Every structure is written in C-alpha cells, then in structure tokens.
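Fold and geometry: a report
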Amino acid sequence: MDNRHFYEPRGGHGLPRDPLRAILGPRPIGWISSRSASGIANLAPYSFFSMLCDKPPIIGFSSIGEKDTLANIRETGVFAYNLVTRRHADAMNRSSSPAAPAVNEFEEASIKPAPCTIVDCPRVADAPVNLECRLVDIHQLSDATGTPADAWLTIGEIVGVHIDRAFLHNGMFDTAAAGIVLRAGYAADYFEVGPEAAFSMRRPTD
Ligand SMILES: Cc1cc2nc3c(=O)[nH]c(=O)nc-3n(C[C@H](O)[C@H](O)[C@H](O)COP(=O)(O)O)c2cc1C
C-alpha cells in the first residue's frame, strides 16, 4: 500500500476531519477590532490571517461569509489588529461568539477598549501590540475555475503601531516573552509560542 495519503479536496479528504487547518498551522490570529458607521464597537478573531508585505506594511484576513467585521470595514474603511497572548486567550475566544451587529463585543467579552491614534476605531487597550489599519481592498475569493466563494479577503495597510514597551528588549520586540497564541488544527487546538520554540538560521545571502 502507498504510504502517502493523497486526495483531491473537491472529492473529499477521506479522513475523520479535514487535515488542512492542522497542516497549515499553527496560524497567527488577527484579533480584529472595528466600528460600525453608527459607532458600535466590534471585536472578533480571524486566523485566516497573515502579514502580506512589509514595504508598505500590509496585512490581510479572510471572512468566511459576510460577518460584522467585514460589514464595518466596508462602511468605515479602517480596522485594528490586536495581538493575542495567553493572557487574552479566553477573551479572544469569547469575542468569537456570534453576536448581533448592535452588540458591543468589547463589553460582551469584558475587554477594555482604547481609541486608535490615527484611525477612528477602537483597539484592545492592554494588548501588547495594536496595529491601526486603513482598508486597501476587499476581494471576494474564487476557486481556480473562477466560481466565486462565500469568502472575502480584507487587505489593509498598517498606518499606526502601538507596542507595550515591556516587550521591547534592547529595542527588539521579544516574541518569545510575549506568549503569543496561535490557532492550530482542530476545534479546540492552540499553541503558545515560548522560548523553547526558537532557533536561528541565517539566509544564504546574509
Ligand atoms: C481562533 C479563531 C479563529 C477564527 N478565524 C476565522 C477566520 O479566519 N474567518 C472567519 O470568517 N471566521 C473566523 N472565526 C470565527 C469568527 O471569529 C466568528 O464568526 C465571529 O463571530 C465573527 O464576528 P463578527 O461577525 O463580529 O465579525 C474564528 C474564530 C476563532 C475562535
């Protein structure tokens, strides 16, 4: 028997659970805050998320279906990213509950908001890092045949960066000390990044 499991996703994976999220992970979590045009604050985690470019600094995340975060960003053109660390893991999880657009999810998840500096949007006051973003594009995803998916990639330029100085050591952000939480494969799986996960490797061109 071939020792490699091969499948074409269109035909099903043939396993008890879809392995792709477990393989393409652990992933950073974009804990995205936004505000509706009428001023209601919103907060929700998105792990179909990544940094896409550094010059200019651009991040993006995918909304599977039209959610409040997407609707708010369409309306206001701004959002903020908040770094999730172990201390905020439960609050981040609570903020993923489906809530009506009229509900302030900072209040629901007992999280203290603070105003952003550049954009008109709330951020998580005591997250070690907040990134203020302006909308660049909302792109509806499609499959390789061009059939539209019920998924939207929201791309934003980082226009303001807040860093808690407690995590700046010799001017460098200390990723290992922050206790960053990553989304892993199956329903309840997460990782916390600690110093034991770190190793060094220079690029051949360095
Ligand atoms: C760790 C985590 C990661 C998530 N990632 C995504 C994601 O990438 N895309 C998505 O559409 N929903 C994702 N969700 C679910 C949303 O957070 C959830 O649907 C939430 O209610 C959306 O809130 P909103 O309607 O206020 O935007 C995730 C949930 C959790 C707990």
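Residues numbered from 1 in each chain as written. Predicted model: local features only at pLDDT ≥ 70, side-chain atom pairs only at ≥ 80, totals over all residues. Heavy atoms only, no water.

In this section: the overall build of the protein. A tally of regular secondary structure across the protein gives 5 helices and 14 strands. Computed over the C-alpha atoms, the radius of gyration of the protein is 18 Å, within 12% of the 17 Å expected from 2.2 N^0.38 for a compact globule of 206 residues. Taking the principal axes of the C-alpha coordinates as reference, the protein spans close to 60 × 45 × 35 Å. Burial statistics for the protein: of 206 residues in total, 39% are counted as buried. The long-range fraction of contacts in the protein, counting pairs at least 24 apart against all pairs at least 6 apart in sequence, stands at 59%. Accessible surface, the protein as shown: approximately 12,400 Å² in total, 55% of it carbon and sulfur. Considering the protein, the positive charge centre built from 19 side chains and the negative charge centre built from 24 side chains are found 3 Å apart. (Helix = DSSP H or I, 4+ residues; strand = E, 2+ residues; numbered from the N terminus. Rg over C-alpha atoms; globule rule 2.2 N^0.38 Å. Buried < 20%, exposed > 50% of the residue type's maximum accessible area, 1.4 Å probe, protein only. Contact = heavy atoms within 4.5 Å. Areas by Shrake-Rupley, 256 points an atom, 1.4 Å probe, with all protein chains shown as cover. Lys, Arg positive; Asp, Glu negative; His and termini not counted. Charge placed at Lys NZ, Arg CZ, Asp CG, Glu CD.)

This part covers helix α2 (residues 68–76). Buried residues of α2: Thr69, Leu70, Asn72 and Ile73, and no others. Around the axis of α2, the buried residues are gathered within 165° of arc, so they sit on the same side. Residues of α2 that are buried sit in contact with β2 (30–35), β3 (41–46), β5 (57–64), β6 (78–82), β9 (129–142) and β10 (148–163). One or two positions beyond α2, positive phi appears at Gly77, with a value near 75°. (Arc of directions from axis to C-beta.)

Once that is clear, we can look at the UniProt feature "domain: Flavin reductase like" (unreviewed entry) in the protein. UniProt's entry tags residues 24–175 with the feature "domain: Flavin reductase like" (unreviewed entry), counted in the numbering of this structure. As a span, residues 24–175 carries 13% helix and 48% strand, and end to end its C-alpha atoms are 20 Å apart. (UniProt positions renumbered as here; feature names shortened; annotations may be inferred.)

This brings us to the sheet that holds β6. The strand order across the open sheet formed by 7 strands is β3-β2-β6-β9-β10-β5-β4, and the pairing between neighbours is antiparallel. Edge positions in the sheet fall to β3 and β4 (49–54), since each has one partner strand and no second. Within this sheet the neighbouring strands show an average axis-to-axis angle of 35°, counted without direction. Of the pairings in the sheet, the one linking β2 to β3 comprises 6 bridges and is antiparallel in character. (Pairing = 2+ DSSP bridges. Axes fitted to C-alpha atoms, helices over the stretch in contact; angles between N-to-C directions.)

The subject of this paragraph is the pairing of β5. With 6 of its 8 residues buried, β5 lies for the most part within the structure. Bridging between β4 and β5 involves 5 bridges; their strand directions are antiparallel. Among the inter-strand pairings, Met51 is bridged to a residue of β5, identified as Ile59. With antiparallel pairing between neighbouring strands as the criterion, β4 and β5 make up a hairpin whose turn holds 2 residues. Alignment of β5 against β10, held across 7 bridges, turns out to be antiparallel. Bridge assignment links Phe61 to a residue of β10, and that residue is Thr154.

For the rest of this paragraph, the subject is the pairing of β10. Two elements, β9 and β10, share 12 bridges in a ladder whose sense is antiparallel. What sits directly across from Asp137, in β10, is Ile155. Between β9 and β10, which follow one another and run antiparallel, lie 5 residues, and Gly146 among them has a positive phi close to 90°.

Let us look at the nonpolar core. For soluble globular proteins, the rule of thumb is that nonpolar side chains tend to be buried together. Formed by 18 residues in total, the largest nonpolar core has its most connected members in Ile32, Ile59, Phe61, Phe79, Tyr81, Leu131 and Cys133. Of all the elements in the fold, those that place two or more residues in this core are β3, β5, β6 and β9. Considering each element in turn, this core owes the most residues, 3 residues, to β9. Those residues in contact with Leu131 that sit more than four places away from it in its chain are Phe79, Ala80, Tyr81, Ile158, Gly160 and Val161. (Core = buried A, V, L, I, M, F, W, Y, C linked by side-chain atoms within 4.5 Å.)

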